[in-house]
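Each chain is listed here by its residues.
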Amino acid sequence: MTDGKDVRSLAEPRAQLWQALGECDETRAVAVVRGALHTAGRAPAAAEHQQVPAGVHLTAQDTAAAGRLRAAGERVLLELIAPAQERVGLAWAADDITVAQEHAATAISERCVAAVADATAPALAGRSVGRVVVSCVDGEWHSLPARLVGEVLRLRGWRVDQLGAQVPTEHLVAYARRTRAQAVLLSSSIPTLLPGAHNAISSCQAAGIPVLAGGAAFGPQGRYARLMRAEWAKDAPDAATLLGRRPTPPGAHAARLPDLDLPHLADQEYTMVRRTRLQLVKQTLADVEEGFPETRHYSERQLERTVEDIDFIVSHLATALYVDDPDLFTTFITWTADILAARDIPPRCLLPALDSLRTQLKDFPRAVGILTAARGVLTPPPAPPG
Ligand code: B12
């Protein structure tokens, strides 16, 4: 990290990249990234006193220069491209950009990551401290976070096999075994995929392969990864440190049943909610139409969206039951309420759905507790007078 006075600060490229993403200008975005690499990769003395002429490339023959180029690549990935992507997410959530603009910006970010990989390739020659697989959980489309992590590890000397988005667990395990990977780095951004992540973790471990989990889905400080007995890293540098300690491969054994890590699953609440999901969604839609008469005039598309939203609510409820954490659901409801508010839809429209589910699941104490907590988030007590 640098302060504002550092001549190699990325503040200016950050603003330029954001502008290029907003204008969907891929050529400009890549030029900004290349320029930032060049600036960040300069030796401090050179950066302070000299102008390095454009077109002069640092090569791997110069060890110090190669080291600087790798460090610059890491900074550009984590301090320039990653924050831009996070800002894209915030802009979408605030309804400042459309889904199409968000897709376009992400495609450009992917191109920027590739530009860093190309530019830093000469600084890597001959170095490999080991081999790892980086993969998304089955069903996970957010491949860019995993890609960023993999690229940083590559810059730190690891040979990285990037498997990308939504990798079926059996294929992940087979691949990691075949390549004798020292670890699988598992990425997930969407909490509803946690049961699948758990399966991937225990299947890899059963095959004797250590797992390092990361990404927003694993919760604050990776609390759900730990629940599933995986190591967790908050970011790529953290992952590199953990990998450097050479995690001990677990002995090969049969994959664990989820209940072994999560004894609360014995109450069957998660299983029942998962199994009756379609019925729950159908009844909730009927109750929402009852409690929120505007929905009766919805177009087919609006109705489809409402069904998707209810399905997302039920899936998050099931996941909160899986990890036995009401916070997972209340965080999701707060997020949904913010998304709705930014689109001038009153968050209270979620209440009929929560109430319907609470009635349908009245015999499931953990589910009722979670839904009640979420209701409390949407209906905070009135502020005391004065
Ligand atoms: C781009 C994007 C997409 C793209 C993904 C394209 C791609 N190729 O990656 C598309 C359009 C496909 C998409 C789809 C969806 N998305 Co989206 N998406 C995003 C967005 C804007 C950027 C993701 C990103 O690249 N982030 C940048 C990286 C750098 O941040 P990061 O994820 O935190 O990763 C860092 C660390 O967490 C860590 N890390 C990550 N993985 C790992 C792994 C290991 C091993 C380690 C050590 C570390 C590590 O290192 C990373 C680098 O520093 C985010 C917003 C955001 N804030 O991230 C939303 C976001 C993640 N998406 C969201 C949602 C809801 C969805 C959809 C459900 C939308 C929908 N209704 O269809 C779908 C889900 C599809 C699915 N099944 O996966 C929400 C999730 C909210 C939530 N709590 O669930 C977010 C947060 C948007 C928002 N602002 O609300 N999305």
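The rules behind the values
- Residues numbered from 1 in each chain as written.
- Predicted model: local features only at pLDDT ≥ 70, side-chain atom pairs only at ≥ 80, totals over all residues.
- Heavy atoms only, no water.
- Donors = N, O, S within 2.8 Å, 3.2 Å for Na, K, Ca; no water.
- Helix = DSSP H or I, 4+ residues; strand = E, 2+ residues; numbered from the N terminus.
- Domains from an automatic or database assignment.
- Contact = heavy atoms within 4.5 Å.
- Buried area = accessible area lost by both parts, 1.4 Å probe.
- Phe/Tyr/Trp six-rings, centres within 6.5 Å; stacked < 30°, edge-to-face > 60°.
- Buried < 20%, exposed > 50% of the residue type's maximum accessible area, 1.4 Å probe, protein only.
- Near = heavy atom within 4 Å.
- Polar contact = N/O pair within 3.5 Å; in protein donor to acceptor, adjacent residues only side chain to side chain.
- Nonpolar A, V, L, I, M, F, W, Y, C, P; charged D, E, K, R; others polar.
- Pairing = 2+ DSSP bridges.
- Axes fitted to C-alpha atoms, helices over the stretch in contact; angles between N-to-C directions.

**A word on the coordination of the cobalt atom of the ligand**
On the protein, H142 (NE2) is the one donor atom to the cobalt atom of the ligand, at 2.2 Å. The residue H142 is located in the loop between β1 (130-136) and α6 (143-155) in this model.

**Remarks on the domain arrangement of the chain**
Along its sequence, the chain is carved into domain 1 (9-126), domain 2 (128-258) and domain 3 (266-378). Put simply, the middle of domain 1 and the middle of domain 3, counted by C-alpha atoms, are 41 Å apart. Taken together, the contact between domain 1 and domain 3 spans four residues of the former and four residues of the latter. When domain 1 packs against domain 3, close to 340 Å² is buried across both sides, 53% of that on carbon and sulfur atoms. If you sort the residues of domain 1 by the area they bury against domain 3, W92, A93 and D95 come out on top, with a joint share of 91%.

**With respect to the packing of aromatic side chains**
Counted according to the given criterion, the structure contains five aromatic pairs. Taking the centre distance of 4.8 Å and the plane angle of 65° together, the rings of Y270 and Y322 count as edge-to-face. Here Y270 is found in helix α12 (residues 269-275), whereas its partner Y322 is found in helix α14 (residues 300-323), with 52 residues between them in sequence. The same class applies to Y270 as to Y322, namely buried.

**As for the site of the ligand**
Taken together, 35 residues lie near the ligand, and E110, W141, H142, S187 and W335 sit nearest. Between the ligand and the protein, one listed contact pairs a nitrogen atom with a backbone N or O atom of G139 at 2.9 Å. In the model, a nitrogen atom of the ligand is placed 2.7 Å from a nitrogen or oxygen of the H142 side chain. Contributions of two or more residues to the shell around the ligand are made by α4 (63-93), α5 (99-120), α6, β3 (183-187) and β4 (211-214). In terms of residue count, the dominant contributor to the shell around the ligand is α4 (seven residues). Tallied by class, residues from the shell around the ligand come to 19 nonpolar, 10 polar and six charged.

**Some words on the sheet that holds β4**
Strand order in this open sheet of five strands is β2-β1-β3-β4-β5, and the pairing throughout is parallel. Both edges of this open sheet fall to β2 (158-164) and β5 (231-232), since each of them pairs with a single strand only. Sheet analysis places β4 next to β5, joined by two bridges and oriented parallel. Paired with A213 across the two strands is W232, which belongs to β5. Taken strand by strand, helix α7 (residues 169-178) contacts β1, β2 and β3, and its axis lies near 170° from that of β1.

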